[in-house]
Amino acid sequence: MTSTPPPPQGSAPTANAMRRALKRARDGVALDVAEAAVLLQARGADLEDLCASAARVRDAGLEAAGRPGVITYSKSVFIPLTRLCRDKCHYCTFATVPGKLRRAGHGMFMSPDEVLAIARRGAELGCKEALITLGDRPEDRWPEAREWLEAAGYDDTIAYVRAISIRILEETGLLPHLNPGAMTWTDFQRLKPVSASMGMMLETTAERLWSEPGGPHYGSPDKEPAVRLRVLEDAGRSSVPFTSGLLIGIGETPEERAESLFALRRISRAYHGIQELIMQNFRAKPDTAMRGIPDAELDDLVATIAVARHIMGPSACLQAPPNLVAGEYERLIGAGIDDWGGVSPVTPDHVNPERPWPQIDELAERSSAAGFRLQERLAVYPEFVRRGEPWLDPRVLPHVRALADPETGLANEHADVEGLPWQEPEDVFVPSGRTELHRAIDTEGRTTDRRDDFDEVYGDWEALREAAAPGMAPERIDADVREALRQAADDPTRLTDPQALALLHADGPALDALCRIADDLRRDVVGDDVTYIVTRNINFTNVCYTGCRFCAFAQRRTDADAYTLSLDQVADRAAQAWDVGAVEVCMQGGIHPDLPGTAYFDIARAVKERVPGMHVHAFSPMEVVNGATRTGMSVREWLTAAKEAGLDTIPGTAAEILDDEVRWVLTKGKLPAATWIDVVRTAHEVGIRSSSTMMYGHVDQPRHWLGHFRRLVEIQRETGGFTEFVTLPFIHTNAPVYLAGISRPGPTMRDNRAVTAMARLLLHPHITNIQTSWVKLGAEGAAEMLRSGANDLGGTLMEETISRMAGSSYGSYRSVRDLVAIAEAAGRTARARTTLYGEVPAERVAAALASDGHLPELLPVLDD
């Protein structure tokens, strides 16, 4: 029989250690891991002391939340969508095998009819939550699961979860709470529009319980602690109200359990997204490898709840399943819980089928005996109901509001539970807000340098400061700069990483030499012409809730500077750009919560219908993922449809730095580096080329730049789809991460020269066009980059909002004459190009020159 090894034996805490820890708990002093581990072993009078202080913390939190003396529960139905799982947890009876399902007459998944029958019965009895639980990615282990999904028309389990959630919303009115296991960042984007909340138990951060043979999680890839912590972080990044918690008594030590609690606290503080924590006690089950392991003791559970309350604080919501404690409800309340979790009058607890739910009337009576009033909540906690966006998707928000008490955010127990249409918001492209931001943001609209929710919307600044510190530490450079310069001049493709880092740190005469080498290589590869494109930027909305900490462009829909263009306004701008000689429109926007995934197709189609000859360069990889997840399409399917609608190429923006160490400081919710790479590769594979970019000078170091360059080369070798590399110096002035005192104030001129020169050398011979940004550097700075290896000046832009709102002072438009003058300042000639660096038709050149510097009224310039 396989069983978990007993926890390593440690000495019991001394009486003095217990007294000190209890006093700190009573006094409300923050505990550390060692003190928490001591308190987890409190028993007898010490445990009573610990619970009394924990209960006071809980009561203070309920008072502050406006519900003193209230303990909550959710009236739910439990839907085990599939009991197949790729993991092999040694205590689990929920997961099974295909043969057993067949012998019992069940399918590999519950059918839609089976799911909806349970949900409808729940709605009839006043339930408001559909708890959808299932095994992790069963199709990865079981061919039968894959075959069922394919026969039903689903690409994967997540696609079925999404589809059945929509049907539950539309046909029954219940709110889906989704527990599909270890999800990716992209999975969260797919499921957020169809659910009120999601969850996954952390269980433990003790890696040995996963990695060592005989451990309860051995052989279960999704139970690796690092994976589960990443899931919790991705939930926070995606603004998903999330449930997690611990499973105690599976072989962990008190120290390991304390460390798990502190890991949960860290994530909760960083993202403010954990809506509740479940403290669940292990119960041995027959027919499992751990059937001989003793159950977790009640005192152990009570101590864990009390310590969790002290660690997580008064605002945390703590739950303990009432069906696992043999009626000892008062002890759990006394330890600091404020919630009983989901309780179903319809379905059993399929994870613990041997332990039925208590009757709701009994739960109310027992809660009342302990001095608490039982009140129903929704699957999503009241704090998140009141917060609304971005925590609740606009497609789900009407369903939540139909069941919520508008004053408390708890359940309206008298609400009719009935299906509502799940649909995209109507009238998405109604023009609204201010559309002259490229001109007037610095004199009108906002009156402060930051939003009024600055301290909440971006996560916890102190946690970010700690996370940023390792990445900003300079590294020691041991390579010889002179030898590296010789290698760069001889054959830059053979530069080693240490040599490349030495050159990225170069300064003084060494930097001058580096720029000369890069400029010589530029001359050999692309000649002396400086290219530019007559283009127009169209930022169709700046409403966005992603939470990028470097961005001052994003606005809430109610902010003074928020705006959205109509399709006609987008097309009008494209037509005017064509009239003044443009060959391209570059279109990007915020991740507007109302924007359906098909809106991007409408935007591209509107431009092509109005101006068939215009090249549509649009939609960053973040927007591609947003479109794909909102439509339920794969990235490949979405890009193919976008191409059919008129999309020609995509900008390689949203890359920032392709290193998640840096990305998760810069942004709360933008796509991970691996997802960016996947989108770009897929775009290239379907015939959509892209630019590549790097934003630098914030919380990064040259080692991050080097890694970024190496990744771009890997992609280009594989696909050949990049048209150019664009340097994007960080504009710090209005960036939240700078205002919070975390980032540097943008790159220095040394940084800009080194990055430009090394882009030329490290991307050679794979990406031959290196673009500098006059918007971010100005005319003199751009000319200097042309002497440092760059060969392209980008576009005339005509209007530009993103850099302007970040604090750039270099305007929104440069005429062709202006760009020619920049090239001449670098001793070179300039010529127009297309997006793909081809020759511009003579008619377009003539149109651009005829109107140069005289743009129509709709296109005001900065100094009009």
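Everything numeric here is computed off the predicted structure, so don't read it as measured data.

Novice: Looking at this structure, how should I read the overall build of the protein chain?
Specialist: Within the protein chain one finds 35 helices and 21 strands. Relative to the compact-globule value of 29 Å for 864 residues, the protein chain shows a C-alpha radius of gyration of 29 Å, a close match. Once the C-alpha set of the protein chain is aligned to its principal axes, its extents read approximately 85 × 60 × 55 Å. Per-residue burial over the protein chain gives 62% buried out of 864 residues. The long-range share in the protein chain, meaning contacts at least 24 apart out of those at least 6 apart in sequence, stands at 78%. Of the accessible surface of the protein chain, which amounts to about 31500 Å², a share of 49% is contributed by carbon and sulfur atoms. Charged side chains of the protein chain number 94 positive and 124 negative; the gap between the two group centres comes to 2 Å.

Novice: Explain a negative patch on the surface to me, please; I cannot follow it from the model alone.
Specialist: On the surface, a cluster of negative charge is made up of E147, E150, D155 and E637. Under the relative-accessibility criterion, D155 is labelled partly exposed at 49%.

Novice: Any chance you could explain helix 14 (residues 360-369) here in plain terms?
Specialist: Residue pairs three or four apart in sequence face the same way in an α-helix, which turns once every 3.6 residues. For helix 14, the complete set of buried residues consists of I360, L363 and S367. Mapping the buried residues of helix 14 onto a view down its axis gives an arc of 55 degrees, with all of them on the same face. Among the exposed residues of helix 14, those pointing more than 90 degrees away from its buried face are D361, E365 and A369. Packed against the buried residues of helix 14 are strand 1 (70-82), helix 13 (329-335), strand 8 (339-343) and strand 9 (373-377). Where helix 14 ends, the next residue or the one after it, G371, has phi of about 90 degrees, a positive value.

Novice: Please explain the packing of helix 3 (residues 44-65) against helix 12 (residues 298-312) as it appears in this structure.
Specialist: The description of two packed helices rests on the angle between their axes and on the distance between the axes. For the pair helix 3 and helix 12, interaxial distance at closest approach is 9 Å and the crossing angle is 40 degrees. Relative to helix 12, the element helix 3 lies oblique. Here helix 3 and helix 12 pass one another in a crossing that is left-handed. Each of L47, L50, C51, S53, A54, V57 and R58 in helix 3 lies in contact with helix 12, whose residues at this interface are D299, V302, A303, A306, V307, R309 and H310. In terms of residue class, the contact of helix 3 with helix 12 is made up of nine nonpolar, two polar and three charged.

Novice: Honestly, the pattern of salt bridges in this entry has me stumped. Any pointers?
Specialist: If the charged atoms of two oppositely charged side chains come close together, the side chains can form a pair. Taken as a whole, this structure holds 61 salt bridges when the rule is applied. With a shortest N-O distance of 2.8 Å, R167 and E171 are connected by a salt bridge. You can see R167 and its partner E171 sitting in helix 7 (residues 157-171), four residues apart, about one turn around the helix. When the shortest N-O distance is used, the salt bridge between K223 and E203 registers 3.1 Å. With K223 in the loop between helix 9 (208-211) and helix 10 (225-237) and E203 in the loop between strand 4 (197-199) and helix 9, this pair connects stretches of sequence that are 20 residues apart. Each of R230, E233, D234, R237 and R266 takes part in salt bridges that share partners, so that together they form one network.

Novice: I keep staring at empty space enclosed by the protein and nothing clicks. Help me out?
Specialist: Rolled over the atoms, a probe as big as a water molecule pinpoints where empty space is left. What the rule picks out here adds up to nine cavities of 30 Å³ or more. Of all the secondary structure elements, the ones that give two or more residues to the lining of the second largest cavity are helix 8 (185-191) and helix 25 (621-631). Top contributing element to the lining of the second largest cavity by residue count: helix 25, with five residues. In terms of residue class, the lining of the second largest cavity is built from 11 nonpolar, seven polar and five charged.

Novice: Where do I start with the side chain of Q275 in this structure?
Specialist: Checked against the element boundaries, Q275 lands in strand 6 (residues 274-281). In terms of polar contacts, Q275 uses its side chain to reach the side chain of T243, at 3.1 Å. Once residues within four sequence positions are removed from consideration, Q275 is found in contact with H177, S197, P241, F242, T243, C317, A379, V380, Y381 and F384.

Novice: Explanation requested: helix 5 (residues 112-124) in the structure shown.
Specialist: With 13 residues, helix 5 should cover 18 Å at 1.5 Å per step; its first-to-last C-alpha distance of 18 Å lies within 8% of that length. For helix 5, the full list of buried residues reads V115, L116, I118, A119, G122 and A123. Considered in projection along helix 5, the buried side chains sweep an arc of 160 degrees and stay on one side of the axis. Residues of helix 5 that are exposed and angled more than 90 degrees away from the buried face: D113 and E124. If you follow the buried residues of helix 5, they end up packed against strand 1 and helix 7. G126, located one to two residues past helix 5, shows a positive phi value of around 90 degrees.

Novice: What should I look at first to understand the nonpolar core in this one?
Specialist: Most often, soluble globular proteins have nonpolar side chains that are buried together. If you look at the biggest cluster of nonpolar residues, it comprises 137 residues, and the most contacted ones within it are M587, W676, F709 and M758. Here this core takes eight residues from helix 22 (residues 508-526), the largest share from any one element. Residues in contact with W676, not counting those within four places in the same chain, are P621, G652, T653, A654, A655, L658, L671, L712, I715 and F722. Residues L62, L169, M183 and A306 belong to the second largest nonpolar core, which totals 119 residues.

Novice: When you look at the packing of helix 28 (residues 673-685) against helix 29 (residues 702-719) in this model, what are you seeing that I'm missing?
Specialist: For the pair helix 28 and helix 29, the least separation of the axes is 10 Å and the interaxial angle reads 25 degrees. Of the possible angle classes, the one that applies to helix 28 and helix 29 is roughly parallel. Pair helix 28 / helix 29 crosses with right-handed handedness. Contacts between helix 28 and helix 29 involve A673, W676, I677, V680, R681, H684 and E685 from the first element and R711, L712, I715, E718 and T719 from the second. Looking at side-chain class alone, the contact of helix 28 with helix 29 contains six nonpolar, two polar and four charged residues.

Novice: Sorry, what's going on with the packing of aromatic side chains here?
Specialist: Aromatic ring pairs are defined here through the distance separating the ring centres and the angle between the ring planes. Counted by the stated rule, this structure contains 15 aromatic pairs. Here a set of aromatic residues connected by ring pairs shows up, and it is made of F540, Y600, F601, F619 and W638. One Lys or Arg, R387, reaches over the ring of W391 and ends 5.2 Å from the middle of that ring. When the ring centre of Y837 is taken as reference, the NZ or CZ atom of R833 above it lies at 4.0 Å.

Novice: Explanation requested: unusual backbone geometry in the structure shown.
Specialist: Note on backbone geometry: most residues besides glycine have negative phi, and most peptide bonds are trans. Residue E389 is joined to P390 through a cis peptide bond whose omega torsion reads 0 degrees. For P390, the position within the fold is in the loop between helix 15 (382-387) and helix 16 (397-403). Of note, the bond from H764 into P765 is cis; its omega dihedral lies within 30 degrees of zero at 0 degrees. Backbone geometry at S239 places phi at a positive 55 degrees, although glycine is not the residue there. Checked against the element boundaries, S239 lands in the loop between helix 10 and strand 5 (242-248). S239 sits in the buried class, given a relative accessible area of 3%. In this structure, F619 is a non-glycine residue whose phi angle is positive, near 75 degrees. Checked against the element boundaries, F619 lands in the loop between strand 15 (615-618) and helix 25. The exposure class of F619 is buried, given its relative accessible area of 0%.

Novice: Is there a simple way to think about the confidence of the model for the protein chain in this case?
Specialist: One rule of thumb: low pLDDT means the predicted coordinates there are not for detailed reading. Looking at the protein chain, the pLDDT average stands at 91 and 91% of residues meet or exceed 70. For residues 441-445, every residue scores under 50 in pLDDT, and the model assigns this stretch nine contacts once sequence neighbours within four places are set aside. Between residues 806-810, whose pLDDT stays under 50, and residues either more than four places distant or in other chains, the model counts 18 contacts.

Novice: Just checking my understanding: could you explain the pairing of strand 3 (residues 175-179) for this structure?
Specialist: Moving residue by residue along a regular strand, the side chains alternate between the two faces of the sheet. Here strand 3 lies mainly inside the structure; five of its five residues are buried. Both faces of strand 3 are covered, namely the face carrying L175, H177 and N179 and the face carrying P176 and L178. Bridging between strand 2 (residues 129-134) and strand 3 involves five bridges; their strand directions are parallel. Within the sheet, the bridge partner assigned to I132 lies in strand 3 and is L178. Running through helix 8, the crossover from strand 3 to the neighbouring parallel element strand 4 is right-handed.

Conventions and cut-offs
Residues take numbers from 1 onward in each chain, read along the sequence in its written order. Thresholds applied to this predicted model are a pLDDT of at least 70 for local features of residues and 80 or more for the giving and counting of side-chain atom pairs; totals over whole chains, interfaces and linings are not thresholded and use all residues. Based on all heavy atoms of the structure, the side-chain values leave hydrogens and waters out of the count. Per the convention used, a helix needs a DSSP run of H or I reaching at least four residues, while a strand needs a run of E reaching at least two, with both numbered from the N terminus. A radius of gyration in this sense is built from C-alpha atoms; the matching globule rule multiplies 2.2 Å by the number of residues raised to 0.38. Think of it in three bands: with a 1.4 Å probe and only protein chains considered, a residue is buried below 20% of the maximum accessible area for its type, exposed above 50%, and partly exposed in between. Only heavy atoms matter for contacts: two residues are in contact if any of them lie within 4.5 Å across the pair. Working definition of accessibility: Shrake-Rupley area with a 1.4 Å probe, residue cover restricted to the visible protein chains. Positive charges are assigned to Lys and Arg, negative charges to Asp and Glu, while His and the chain termini are left out of the count. A charged residue contributes its charge at one atom only: NZ of Lys, CZ of Arg, CG of Asp or CD of Glu. Residues qualify for a patch when their relative accessible area is over 30% and they have no salt bridge, like charges being joined within 9 Å and the nonpolar side chains of Val, Leu, Ile, Met, Phe, Trp and Tyr within 5 Å. Criterion for a salt bridge: a side-chain nitrogen of Lys or Arg within 4 Å of a carboxyl oxygen of Asp or Glu. Working note: the arc is built from the helix axis to C-beta atom directions. Helix axes are fitted to C-alpha atoms over the stretch in contact, other axes to C-alpha atoms as well, and angles between N-to-C directions run from 0 to 180 degrees. Reported orientations rely on four angle classes, namely roughly parallel under 35 degrees, roughly antiparallel over 145, roughly perpendicular from 65 to 115, and oblique for the rest. Each crossing is labelled by how the near helix is turned from the far one, with a counterclockwise turn of less than a right angle marking it left-handed and a clockwise turn marking it right-handed. Residues are grouped as follows: Ala, Val, Leu, Ile, Met, Phe, Trp, Tyr, Cys and Pro are nonpolar; Asp, Glu, Lys and Arg are charged; every other residue, Gly included, is polar. We place a 1 Å grid over just the protein atoms. Points where a 1.4 Å probe fits but has no way out form a cavity, open points with protein on both sides within 12 Å along at least 5 of 7 lines form a pocket, and any residue with an atom within 4 Å of a point lines it. Grid points are joined across faces, edges and corners, and a volume is the space filled by probe spheres set on the points. Definition of a polar contact: a pair of N or O atoms within 3.5 Å, with one able to donate and the other able to accept a hydrogen when the atoms are protein atoms, and with sequence-neighbouring residues admitted only if both atoms are side-chain atoms. Any helix carries an expected span of 1.5 Å times its number of residues minus one. In this description, a nonpolar core means a group of buried Ala, Val, Leu, Ile, Met, Phe, Trp, Tyr and Cys residues linked to one another through side-chain atoms lying within 4.5 Å. Stacked, tilted and edge-to-face pairs are distinguished by plane angle, under 30 degrees for stacked and over 60 for edge-to-face with tilted covering the rest, among Phe, Tyr and Trp rings (Trp via its six-membered ring) whose centres lie within 6.5 Å. We call a charge positioned over a ring when the NZ of a Lys or the CZ of an Arg lies within 6 Å of the ring centre and within 35 degrees of the ring normal. A residue's pLDDT is simply how confident the predictor is in it, with values from 0 to 100. Here a strand pair is declared whenever DSSP counts at least two bridges between the two strands. The definition of a right-handed crossover adopted here requires that, viewed with the strands pointing away, the path from the first strand over the helix to the second runs clockwise.

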